[in-house]
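# A look at the structure
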Amino acid sequence: MKMHGLAPMTDGARIRWAVLGDTARRPPVVMLHGGPGLPDYLGDVAPMIADLAPVYRYDQRGTRGSPWQGRHTFSRHVDDLAELLDHWGAAKAVLIGHSYGADLASRFCLAHSDRVAAMLLMCGPFVGGWRTQDQAERHRRMSAAQRERLRVLEQMPERTQDEEVELLTLSWFTDHAEPERGWHWAEQGARQRRPVNWAMNSELGKERHADPLDEHLDELRACLPAQVELLGGACDPRPLSALVSLALRLGAPLRRIDNAGHEPWLEQPDAVREHLRRFVQGTVVP
């Protein structure tokens, strides 16, 4: 069963959501996409577990089906998720966050630990000084011509639609373990995950820098649900060592997917399906 709708938020925003599976089953799974500033892109992941529990997804405010103009803050995005759970009639949920969505899941847990039944953090959140290694690895995976073209595109005050697709493709193809297939996936994503809300990306990026999750890890560990795991692609340019460090700080297991990058379900769908199903099966009420 697949349904979708628009949920009104208390500040007047309307969030577009979709669910796959039997909504009578509890607890539901909520998938939190990354970005920030991108619309939901986890439509290929939800069916992997929708026979086990209902899987909700939504476009975060300011993206695609959830148009909105205004300032973006972590607290408002956390409130959105709480209000969505109310709208869906869910006292608590299993959170599966990818990339920035893992950061959002963690911040939601800090604010509403009583509403988190379990939490799977996929390819994030990255804490500590990981960006230098990430940039160096991306540099290694790109040619000199690609690096120069990306620099030129980033400095343009305005870009055409084709230039925007080219920028995103160059930015994202290094997320994958295999460059040729990675280019295909990145170009496909660059056409489908638009328009990017760059203002949202900038505002939440600045807040993340001003109030890093790193400073809340002890608090987060104290309020985690009983079932928490991290899942990472071994070939993600973002260093797996950062997730290893986070797992140790949180006292949670880290599962690695070999031969996969930042979107491991694309390169290793069977392995990701196996991990997700095992995790969700441990949370479902018969």
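Preceding this paragraph is the structure being described.
The text that follows walks through the structure, step by step, so that each part is easy to find. Computed from a predicted model, the values in this text were never measured in an experiment.

This part takes up the pairing of strand β1 (residues 2-8). In summary, the side chains of a regular strand alternate between the two faces of the sheet. Note that β1 and strand β2 (residues 14-20) share seven bridges and pair antiparallel. Bridging across to β2, Pro8 finds its partner in Arg14. Count of turn residues in the β1/β2 antiparallel hairpin: five residues, of which Gly12 carries a positive phi of about 100°.

The biggest cluster of nonpolar side chains holds 49 residues, and the ones touching the most others in it are Val30, Tyr58 and Leu95. Looking at this core element by element, the count peaks at seven residues for helix α1 (residues 74-88). Setting aside its immediate chain neighbours within four residues, Val30 contacts Tyr56, Tyr58, Leu81, Leu85, Trp88, Ala93, Val94, Leu95 and Ile96.

Moving on, we get to helix α5 (residues 161-172). With twelve residues, α5 extends 17 Å between its outermost C-alpha atoms, agreeing within 8% with the 16 Å of an ideal straight helix rising 1.5 Å per residue. Looking at α5, one finds that the buried residues are Glu164, Val165, Leu167, Leu168, Thr169, Leu170 and Trp172. Against α4 (144-155), α6 (179-192) and α7 (198-210) lie the buried residues of α5.

Here Asp40 shows up in the loop between β3 (29-32) and β4 (55-58). Sequence separation of Asp40 and Arg16 is 24 residues, and the distance between their C-alpha atoms is 10.0 Å. The residues contacting Asp40, other than those within four sequence positions of it, are His33, Arg57, Tyr58, Asp59 and Arg64.

Further remarks concern the pattern of salt bridges. Summed over all chains, the structure comprises 29 salt bridges. Asp103 serves as the salt-bridge partner of Arg208, at 3.6 Å between the closest nitrogen and oxygen. With Arg208 in helix α7 and Asp103 in helix α2 (residues 100-111), this pair connects stretches of sequence that are 105 residues apart. Residue classification places Arg208 among the partly exposed residues on the basis of a relative accessible area of 25%. The salt bridge partner of Asp175 is Arg138, with a shortest N-O separation of 2.7 Å. Pair noted here: Asp175 is in the loop between α5 and α6 and Arg138 is in helix α3 (residues 131-141), with a separation of 37 residues, a long-range link. For the pair shown, Asp175 and Arg138 are each scored as buried. If you follow the salt bridges from partner to partner, you end up with Asp11, Arg61, Arg76, Asp80 and Glu83 in one network.

Reading across the sheet, the eight strands line up as β1-β2-β4-β3-β5-β6-β7-β8 and stay open at both edges, with mixed pairing between neighbours. Only two strands of the sheet have a single partner each, and these edge strands are β1 and β8 (254-257). Within the sheet, the average angular offset between the axes of one strand and its neighbour, ignoring direction, is 20°. Alignment of β3 against β4, held across three bridges, turns out to be parallel. The residue bridging Val29 from the neighbouring strand is Val55, located in β4.

Following both chains from N to C, one finds α5 and α6 inclined at 140°, their axes separated by 8 Å at the closest point. The pairing of α5 with α6 is recorded here as oblique in orientation. When you trace α5 past α6, the crossing you get is right-handed. Across the interface between the two elements, Val165, Leu168, Thr169, Leu170 and Trp172 from α5 touch Trp183, Ala186, Glu187, Gly189, Ala190 and Arg191 from α6. Its residues assigned to classes, the contact of α5 with α6 shows seven nonpolar, two polar and two charged.

Burial within strand β7 (residues 228-233) is extensive, with six of its six residues counted as buried. On β7, burial covers both faces: Val228, Leu230 and Gly232 on one face and Glu229, Leu231 and Gly233 on the other are all buried. Across four bridges, strand β6 (residues 116-122) lies against β7 in parallel orientation. From the neighbouring strand, Leu120 faces β7, where its bridge partner is Glu229. Note: β7 against β8, four bridges, orientation parallel. Bridge pairing in β8 places Gly232 opposite Arg256. With respect to chirality, the unit in which β7 leads through helix α9 (residues 240-250) into the neighbouring parallel β8 is right-handed.

Basis of the calculations
- Residues numbered from 1 in each chain as written.
- Predicted model: local features only at pLDDT ≥ 70, side-chain atom pairs only at ≥ 80, totals over all residues.
- Heavy atoms only, no water.
- Pairing = 2+ DSSP bridges.
- Helix = DSSP H or I, 4+ residues; strand = E, 2+ residues; numbered from the N terminus.
- Core = buried A, V, L, I, M, F, W, Y, C linked by side-chain atoms within 4.5 Å.
- Buried < 20%, exposed > 50% of the residue type's maximum accessible area, 1.4 Å probe, protein only.
- Contact = heavy atoms within 4.5 Å.
- Expected span 1.5 Å × (residues − 1).
- Salt bridge = Lys/Arg side-chain N within 4 Å of Asp/Glu carboxyl O.
- Axes fitted to C-alpha atoms, helices over the stretch in contact; angles between N-to-C directions.
- Parallel < 35°, antiparallel > 145°, perpendicular 65-115°, else oblique.
- Left-handed = near helix turned anticlockwise from the far one by under 90°.
- Nonpolar A, V, L, I, M, F, W, Y, C, P; charged D, E, K, R; others polar.
- Right-handed = clockwise from strand over helix to strand, strands pointing away.

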